[in-house]
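Each chain is listed here by its residues.
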Amino acid sequence: DGGITQSPKYLFRKEGQNVTLSCEQNLNHDAMYWYRQDPGQGLRLIYYSQIVNDFQKGDIAEGYSVSREKKESFPLTVTSAQKNPTAFYLCASSIHRKETQYFGPGTRLLVL
Amino acid sequence: DAKTTQPNSMESNEEEPVHLPCNHSTISGTDYIHWYRQLPSQGPEYVIHGLTSNVNNRMASLAIAEDRKSSTLILHRATLRDAAVYYCISLHAGGTSYGKLTFGQGTILTVHP
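What comes next is a walk through the structure. (Residues numbered from 1 in each chain as written. Chains lettered and ligands numbered in written order. Predicted model: local features only at pLDDT ≥ 70, side-chain atom pairs only at ≥ 80, totals over all residues. Heavy atoms only, no water.)

### Overview of the interface of chain A and chain B
A common way to report how large an interface is uses the accessible area buried once the components associate. Each side of the interface is counted separately: chain A has 23 residues, and chain B has 24 residues. Each partner contributes to the roughly 1,700 Å² buried at the junction of chain A and chain B, and carbon and sulfur atoms together form 50% of this total. Taken together, the connections running from chain A to chain B amount to 0 salt bridges. For the pair chain A and chain B, the interface holds 4 residue pairs in polar contact (both at pLDDT 80 or more). The dominant element in the side of chain A that touches chain B, judged by the number of residues it contributes, is strand β5 (residues 43–51) of chain A, at 4 residues. Counted by class, the side of chain A that touches chain B contains 10 nonpolar, 8 polar and 5 charged residues. (Contact = heavy atoms within 4.5 Å. Buried area = accessible area lost by both parts, 1.4 Å probe. Salt bridge = Lys/Arg side-chain N within 4 Å of Asp/Glu carboxyl O. Polar contact = N/O pair within 3.5 Å; in protein donor to acceptor, adjacent residues only side chain to side chain. Helix = DSSP H or I, 4+ residues; strand = E, 2+ residues; numbered from the N terminus. Nonpolar A, V, L, I, M, F, W, Y, C, P; charged D, E, K, R; others polar.)

### Points about a nonpolar patch on the surface
The grouping of Tyr 10, Phe 12 and Leu 112 of chain A at the surface amounts to a nonpolar patch, some 360 Å² of accessible area in total. Its place among the elements puts Leu 112 of chain A in the segment after β11 (107–111). (Patch = residues over 30% accessible without salt bridge, like charges linked within 9 Å, V, L, I, M, F, W, Y side chains within 5 Å. Areas by Shrake-Rupley, 256 points an atom, 1.4 Å probe, with all protein chains shown as cover.)

### Quick look at the side chain of Arg 36 of chain A
Residue and element names in this part refer to chain A. Relative to the assigned elements, Arg 36 resides in strand β4 (residues 31–37). The class of Arg 36 is buried, set by a relative accessible area of 4%. A distance of 2.7 Å separates the side chain of Arg 36 from the backbone oxygen of Asn 84, its partner in a polar contact. (Buried < 20%, exposed > 50% of the residue type's maximum accessible area, 1.4 Å probe, protein only.)

### A few points about the packing of aromatic side chains
Throughout the structure, instances matching the rule amount to 11 aromatic pairs over all chains. Between Tyr 35 of chain A and Phe 103 of chain B the ring centres are 6.2 Å apart and the planes differ by 75 degrees, which places this aromatic pair in the edge-to-face class. With Tyr 35 of chain A in strand β4 and Phe 103 of chain B in the loop between β8 (84–92) and β9 (107–112), this pair bridges two chains. For Tyr 35 of chain A, a relative accessible area of 0% puts it in the buried group. Here the aromatic cluster, defined as three or more aromatic residues joined through ring pairs, consists of Tyr 33, Tyr 35, Tyr 102 and Phe 103 of chain A together with Tyr 36, Tyr 46, Tyr 87 and Phe 103 of chain B. The ring centre of Phe 74 of chain A lies 6.0 Å from the NZ or CZ of Arg 68 of chain A, which sits over that ring. When the ring centre of Phe 88 of chain A is taken as origin, the NZ or CZ atom of Arg 108 of chain A, which lies over that ring, is 4.5 Å away. (Phe/Tyr/Trp six-rings, centres within 6.5 Å; stacked < 30°, edge-to-face > 60°. Lys NZ or Arg CZ within 6 Å of the ring centre and 35° of its normal.)

### What to know about the state of the cysteines
Residues and elements named next belong to chain A. Counted by the stated rule, this structure contains 2 disulfides over all chains. Across the disulfide, Cys 23 is cross-linked to Cys 91 (sulfur-sulfur distance 1.9 Å). Between Cys 23 and Cys 91 the disulfide shows an S-S torsion of about -75 degrees. By sign, it is left-handed. Of this pair, Cys 23 sits in strand β3 (residues 19–25) while Cys 91 sits in strand β9 (residues 87–94); the two residues are 68 residues apart in sequence, bridging distant segments of the chain. Residue class for Cys 23 comes out buried when judged on its relative accessible area of 1%. With a relative accessible area of 0%, Cys 91 lands in the buried category. (Disulfide = S-S within 2.5 Å.)

As C-alpha cells, then:
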C-alpha cells in the first residue's frame, strides 16, 4: 500500500540535543513538506522541498534543518537552537508543489 | 492565499446531514478551495477540493457559491467517525507560489449518537 510513514510516533529530547524525525513516502511524489502543530492550533510550515536536492524555508524554519537526498525521504532535524520544540510534527507530500497534499500520522516531540 | 473564516464549532446528530460553511471573500480566480479534516493525534486527511463547480466524492460534497466568496462542505449522513476538526483552505495555483497550505483554527464537529 502506498502512503507516508513517520517515525518514531513519540520522541523525547534532552536539553541541548539534536533529534531527527523520519519521513518516508512511496507515492512517487516530487514535493514534500514539514509542518508543526501546537495544541489547539492549525499547522505551520517549517520546510518544503519541490524536488530532490532542493528545499526551501517555510514560515518557522529557525532551529530546524532538513535534507532531501532521495525522492522518498525528507528527514527533519530539530536542533538545540529550537528553544520550544515540544509540538506535533507532520510530514506531507504531493505529486507536484500545488497539488493535494497527503499527510503522515505525525511524530509527537517532547522535551525532558 | 485568501484568508478563510469558519465557525469555531458545530454539532450534528448521527445519520443527519451536516453543512460546514466557509467564507473566503478575498479569494482570487485561481485559488482552489481544499477541505481537510483531522482527528485527535492524527495527521490531516484530505476530504475534497474544487475551483468553481460543485464537486462530489465518496466522502463528501463541496458546494461553491457562484461568486466564489463562500463554500459549504456537505456530509450527507454524519457518523461518529466524522467527528473531527474540519479545515477550509484556499490554495493559490497561479504564479510561482509553492502550494503552502495555511491552516486556520478550523471547525470542531461534534456528532451525537
